[in-house]
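Descriptive structure summary
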Amino acid sequence: MQRAVRGRLVSFAGDPAESEDAVRYWSDGLVAIDGGRIVAVGDAQAIAPTLPPQTPVDHYPEQLIMPGFIDTHIHYVQIEAIASFGSQLLDWLKNYAFVAEQKFADPDFAAKQARFFLDELLRNGTTTALVYCSVHAHSADALFEEAERRGMAIAAGKVMMDRNVPDGLRDDAASSYADSKALIARWHKRGRARYAITPRFVVSSTPEQLAAAGTLLREHPDCLVQSHLAENLDEIALVRETYPQAASYTDVYHRFGLLGPTTVLGHCIHLAEDEMALLSRTRTVAAFCPTSNLFLGSGLFDLAAMSKKERPVRVSLATDVGGGTSYSMLQTAGAAYKVLQLRDQKLAAYQAFHMMTRGNAHALGLEQEIGTLAPGRYADLVVLDARATPAMRARMAAVHDRLDEELFVLMIMGDDRAVAATYVQGEKRP
Ligand SMILES: [Zn+2]
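Summary of the structure given here. Here the structure is a predicted model, which is why all the values come from computation and not from measurement.

Okay, the side chain of Lys158 next. Mapped onto the elements of the fold, Lys158 is located in the loop between β7 (153–157) and β8 (159–160). The class of Lys158 is buried, set by a relative accessible area of 0%.

Shown next, in the form of structure tokens:
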């Protein structure tokens, strides 16, 4: 049965950093939905008469309707590690993240946290995410099961880690290969699920395990790969000590066959020119995680350096909860703006909202499924209210017919309160 959502529509036909006319806006638009997918998008006056009689229409006259947000790096097993005081990456992992992740040895706890996590994403308008699970294979099962129940497109993987981690969180090269392989068989491309091969980072894997991850990718080249790169200076020093023969941290992943167009590496803050060139050449994605980089004192992402015309690195935007401090992609975009201000670079609102939607869909290879309002795409939508709080309402009194200004208010002042509704496959959730 058809249904429809009507209001002010915003979508991107291209990257606004490259082309002025990438923005698509309908002041009174309509998205017609059938079987969970978009079947028509355009002016309400033109499309409404073509709908079957009695088609239910949700009308949002003031709000903005956009493709649902996409988060390209988040740890669902760190729900209890967010907002943990006082340390930088390596100590933070030891003192907080690894403590939180050990509780996922209990499958019931994993199922409960998976439910909370996906509800929280949807409350924040995020309909798709690339997610780290714990070392326990059943933590990935729990997340995929819950996502399937909600009809959400979730990509995820169990972390592989066999050194420099507590006993309760250690697998080994052979078991991590076998567990990941079984999860791929069980979940990859089952409905909307995608599997991500997930060696946590170079520091927590033996060479044998990184080789096993590379083998998994060779055997399943359409799987995603996710890991961390060049987040923190102590981490980088440790990698250099462990792999003196490698040219760089990035080169370690390259040696094990882990770079490529389906690989998303979190942070990528402290990179030399040859490392950025290697990321560019392999079409690897760098996930910019601004709230995490500020919170853990890791450093300032250099978007201009990444975007150099002669060797552009693909960049996505992500929360990195629990190192990150908010599930909200709006807050994340606001933090990205501030990080870039400290580098005297600018993140325009159109560019930020493009990253959260179409850009991140491209980063995950899902651009034919999500990220734009277009026929054939899934009807995963977020409805945003730039007047959600008294302070936002007061600020919006000075905004007259400027879509970019309204979006900027949303990314600087907005959070879950600015999310009026979220739709997954045309159904309002949660
Ligand atoms: Zn992370």
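Next comes the rest of the write-up.
Before going further, it helps to examine the environment of Ala105. The topology assignment puts Ala105 in the loop between α2 (89–102) and α3 (107–123). Between the C-alpha atoms of Ala105 and Phe301, which are 196 residues apart in sequence, the distance is 34 Å. When sequence neighbours within four positions are dropped, the list of residues in contact with Ala105 reads His136 and His138.

In this section: the coordination of the zinc ion. Summarising the metal site, the zinc ion is bound by the protein donors His73 (NE2), His75 (NE2), His228 (NE2) and Asp320 (OD), whose distances to it range over 2.1 to 2.4 Å. Note that the zinc ion binds four donor atoms; their angles at the metal cover 86 to 167 degrees, and the shape is irregular. Sequence spacing among the residues donating to the zinc ion works out to H-x1-H-x152-H-x91-D. Here His75, found in strand β5 (residues 69–75), pairs with His228, found in strand β10 (residues 224–229); they are 153 residues apart in sequence, far enough to count as distant. The same class applies to His75 and to His228, which are both buried.

By volume, the largest pocket is sized at about 860 Å³. Forming the walls of the largest pocket are 26 residues, and the residues nearest its centre are Asp15, Ala17, Glu18, Val313 and Val315. Mapped by element, the contributors of at least two residues to the lining of the largest pocket are α11 (303–306), β13 (314–317) and α13 (349–363). Residue contributions to the lining of the largest pocket peak at eight residues, all from α13. Residues belonging to the lining of the largest pocket are distributed by class as follows: nine nonpolar, nine polar and eight charged. The computed volume of the second largest pocket comes to approximately 200 Å³. Considering the residues around the second largest pocket, the lining is formed by 13 residues, among which Asp222, Leu224, Thr262, Leu364 and Gly365 are closest to the centre. For the lining of the second largest pocket, the residue count by class is five nonpolar, four polar and four charged.

Moving on, we get to the pattern of salt bridges. Counting across every chain of the model gives 26 salt bridges. When the shortest N-O distance is used, the salt bridge between Arg123 and Asp416 registers 3.1 Å. Here Arg123, found in helix α3, pairs with Asp416, found in the loop between α15 (403–413) and β15 (419–424); they are 293 residues apart in sequence, far enough to count as distant. Across the salt bridge formed by Glu148 and Arg190, the nearest N and O atoms sit 2.9 Å from each other. Remark: Arg190 occurs in the loop between α5 (173–187) and β9 (194–199) and Glu148 occurs in helix α4 (residues 137–150); sequence separation between them is 42 residues. Taking relative accessible area as the criterion, Glu148 reaches 40% and is therefore assigned partly exposed. For Arg190, a relative accessible area of 38% gives the class partly exposed. Each of Asp119, Glu146, Arg149 and Arg150 takes part in a single network of salt bridges with overlapping partners.

Another point: the sheet that holds strand β14 (residues 381–384). The strand order across the open sheet built from seven strands is β3-β2-β1-β4-β14-β15-β16, with neighbouring strands paired in mixed fashion. Only two strands of the sheet have a single neighbouring strand rather than two, namely β3 (37–43) and β16 (427–429). Geometrically, the sheet is characterised by an average inter-axis angle of 40 degrees between neighbouring strands, direction not taken into account. Where strand β4 (residues 57–67) lies against β14, four bridges are found, and the strand directions are antiparallel. Across the sheet, Met66 pairs through a bridge with Val382, a residue of β14. The sheet strands contacting α13 are β1 (2–12), β2 (23–34), β4 and β14, and the helix crosses β1 at an angle near 135 degrees. Lying over the sheet, α15 contacts β1, β2, β4 and β14, oriented at roughly 80 degrees with respect to β4.

Analysis parameters
- Residues numbered from 1 in each chain as written.
- Predicted model: local features only at pLDDT ≥ 70, side-chain atom pairs only at ≥ 80, totals over all residues.
- Heavy atoms only, no water.
- Helix = DSSP H or I, 4+ residues; strand = E, 2+ residues; numbered from the N terminus.
- Buried < 20%, exposed > 50% of the residue type's maximum accessible area, 1.4 Å probe, protein only.
- Contact = heavy atoms within 4.5 Å.
- Donors = N, O, S within 2.8 Å, 3.2 Å for Na, K, Ca; no water.
- Tetrahedral: all angles 85-135°; square planar, octahedral: opposite > 155°, others 65-115°.
- 1 Å grid on protein atoms, 1.4 Å probe; cavity = no way out; pocket = protein on both sides within 12 Å on 5 of 7 lines; lining within 4 Å.
- Points joined across faces, edges and corners; volume = space filled by probe spheres on them.
- Nonpolar A, V, L, I, M, F, W, Y, C, P; charged D, E, K, R; others polar.
- Salt bridge = Lys/Arg side-chain N within 4 Å of Asp/Glu carboxyl O.
- Pairing = 2+ DSSP bridges.
- Axes fitted to C-alpha atoms, helices over the stretch in contact; angles between N-to-C directions.

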